[in-house]
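The lines below spell out each chain.
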Amino acid sequence: MQQEYLEAYDSELRTGAEITNALQVTEHGPLHLATLPGGQGFITYADLGGADADGIAALVDASVAHFLGLGGIAAVEWKTRGHDRAPGLHDSLVGRGFVPEDPESIMIGEARLLAQAVEIPASVEIRRARTDAEVLAAGEMQGQVFADADWRARAEALIARLRADDAVELWIAVSEGAVVSAGRLEPVAGTAFAGLWGGATRPEWRGQGIYRALTAARARSALDRGFRYLQSDSTEFSRPILERSGLVKVSTTTPYVWTLPSD
């Protein structure tokens, strides 16, 4: 099962599916160098083409030169996967100014297995967010949970996405008018996958099944829309919750971020 999930992930979710919102994409060898809204660069690939350490160093150098030449780029993320053959990649990235962030677990599961009934407190209602006010309330909650000072900008960007793309869904858990948990469902067109992203629950509401119920609600929505798998890149805090819901860890992913010097 784990190998089946990993093969589906590699064949369906890497490269094109990751950069559908890119403003432009340049291919360099196996790399896809994407420019995203907000002055963000993103580097991904299906594999590194069997390159050795010298070849990988050359790919990193070419990527740095590419984004330096564009102008207007504030930061670039190189998304690594733990199951890739990538000799010398860590040293090449760090040597050129990329900083590794915390590794995350790549979690995958069958949506039909996750669409289960979960008992939650009677005061809590789980529903799809339908108004700008609900999106902002969820964003503020997530900002507090993650200590994210830029939560409003992220919430406003999500509002714009929800208006422009009816495939993206924000689900919220509400008690007495307050959002206590939230997470997105992002179907990936042309694949069997829908993604689980942005999950957060207020600390005082944890351990009561709310996030598992939120996951189940998103699984039912994914099934209704014809998607077989759910996928999430999970922190070590959320991984056990998703495992209890039925997702399986198939690999790891570590973002390496390079912040470009300001003019």
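The sections below set out a description of the structure shown in this document. Not measured: the values here are computed from a predicted model.

What follows is about the overall build of the chain. Helix and strand counts for the chain stand at 8 helices and 12 strands. For 263 residues, the compact-globule estimate of 2.2 N^0.38 gives 18 Å, and the chain sits close to it at 19 Å. A principal-axis box enclosing the C-alpha atoms of the chain has dimensions of 60 × 45 × 30 Å. The buried share of the chain, taken over its 263 residues, is 47%. Considering only intrachain contacts with a sequence separation of at least 6, the fraction spanning at least 24 residues in the chain is 73%. With the model as given, the accessible surface of the chain reaches about 12,600 Å², and the carbon-plus-sulfur share is 49%.

So, about helix α2 (residues 53-70). In a regular helix each residue adds 1.5 Å, so 18 residues correspond to 26 Å; α2 covers 26 Å between its end C-alpha atoms and thus fits that length. For α2, the set of buried residues is I56, A57, L59, V60, S63, V64, H66 and F67. On its buried side, α2 packs onto β1 (24-28), β2 (31-36), β3 (40-44), β4 (75-81), α3 (89-95) and β12 (248-259). The backbone nitrogen of D54 has a side-chain oxygen 3.3 Å away, supplied by the residue at the start of α2, namely D52. G71 occupies a position one or two residues after α2 and carries a positive phi of about 75°.

Here R85 lies in the loop between β4 and α3. Separated by 51 residues in the primary sequence, R85 and L136 place their C-alpha atoms 41 Å from one another.

Following the criterion strictly, the structure yields 16 salt bridges and no others. For R127, the salt bridge goes to E125, with nearest N and O atoms at 2.9 Å. Connected through salt bridges with shared partners, the residues E4, E110 and R228 form a single ionic network.

Let us look at the nonpolar core. Note on soluble globular proteins: their nonpolar side chains tend to be buried together. Core analysis: the largest hydrophobic core is formed by 20 residues, its most contacted members being W78 and F98. At the level of elements, β2, α2, β4, α3 and β12 are the ones that each hand at least two residues to this core. Take this core: its biggest share by element is 5 residues, from α2. Leave out the neighbours within four places in its chain, and F98 touches I43, V60, V64, V76, W78, L93, Y256, V257 and W258. Ranked by size, the runner-up nonpolar core spans 17 residues in total, among them M107, Y211, A222 and L230.

The contact between helix α5 (residues 132-146) and helix α6 (residues 151-164) brings their axes to 9 Å, and the two run at 145°. Taken as a pair, α5 and α6 cross one another with a handedness that is right-handed. Facing α5, whose interface residues are D132, V135, L136, G139, E140 and G143, α6 presents W151, R152, A155, E156, L158, I159, L162 and R163. Looking at side-chain class alone, the contact of α5 with α6 contains 7 nonpolar, 2 polar and 5 charged residues.

We now examine α5. With 15 residues, α5 should cover 21 Å at 1.5 Å per step; its first-to-last C-alpha distance of 21 Å lies within 8% of that length. If you check which residues of α5 are buried, you get E134, V135, A138, G139, M141, Q142 and G143. Contact partners of the buried residues in α5: β7 (124-128), α6, β8 (169-175), β9 (178-187) and β10 (193-201).

On to the packing of aromatic side chains. Applying the stated rule across the entire model yields 5 aromatic pairs. With a centroid separation of 5.6 Å and 75° between ring planes, the pair formed by Y5 and Y229 is classed as edge-to-face. Of this pair, Y5 sits in helix α1 (residues 2-12) while Y229 sits in strand β11 (residues 229-234), and the two are 224 residues apart along the sequence. In this structure, Y5 and Y229 share a single accessibility class: buried. Here the aromatic cluster, defined as three or more aromatic residues joined through ring pairs, consists of Y45, W78, F98 and W258.

Analysis parameters
- Residues numbered from 1 in each chain as written.
- Predicted model: local features only at pLDDT ≥ 70, side-chain atom pairs only at ≥ 80, totals over all residues.
- Heavy atoms only, no water.
- Helix = DSSP H or I, 4+ residues; strand = E, 2+ residues; numbered from the N terminus.
- Rg over C-alpha atoms; globule rule 2.2 N^0.38 Å.
- Buried < 20%, exposed > 50% of the residue type's maximum accessible area, 1.4 Å probe, protein only.
- Contact = heavy atoms within 4.5 Å.
- Areas by Shrake-Rupley, 256 points an atom, 1.4 Å probe, with all protein chains shown as cover.
- Expected span 1.5 Å × (residues − 1).
- Polar contact = N/O pair within 3.5 Å; in protein donor to acceptor, adjacent residues only side chain to side chain.
- Salt bridge = Lys/Arg side-chain N within 4 Å of Asp/Glu carboxyl O.
- Core = buried A, V, L, I, M, F, W, Y, C linked by side-chain atoms within 4.5 Å.
- Axes fitted to C-alpha atoms, helices over the stretch in contact; angles between N-to-C directions.
- Left-handed = near helix turned anticlockwise from the far one by under 90°.
- Nonpolar A, V, L, I, M, F, W, Y, C, P; charged D, E, K, R; others polar.
- Phe/Tyr/Trp six-rings, centres within 6.5 Å; stacked < 30°, edge-to-face > 60°.

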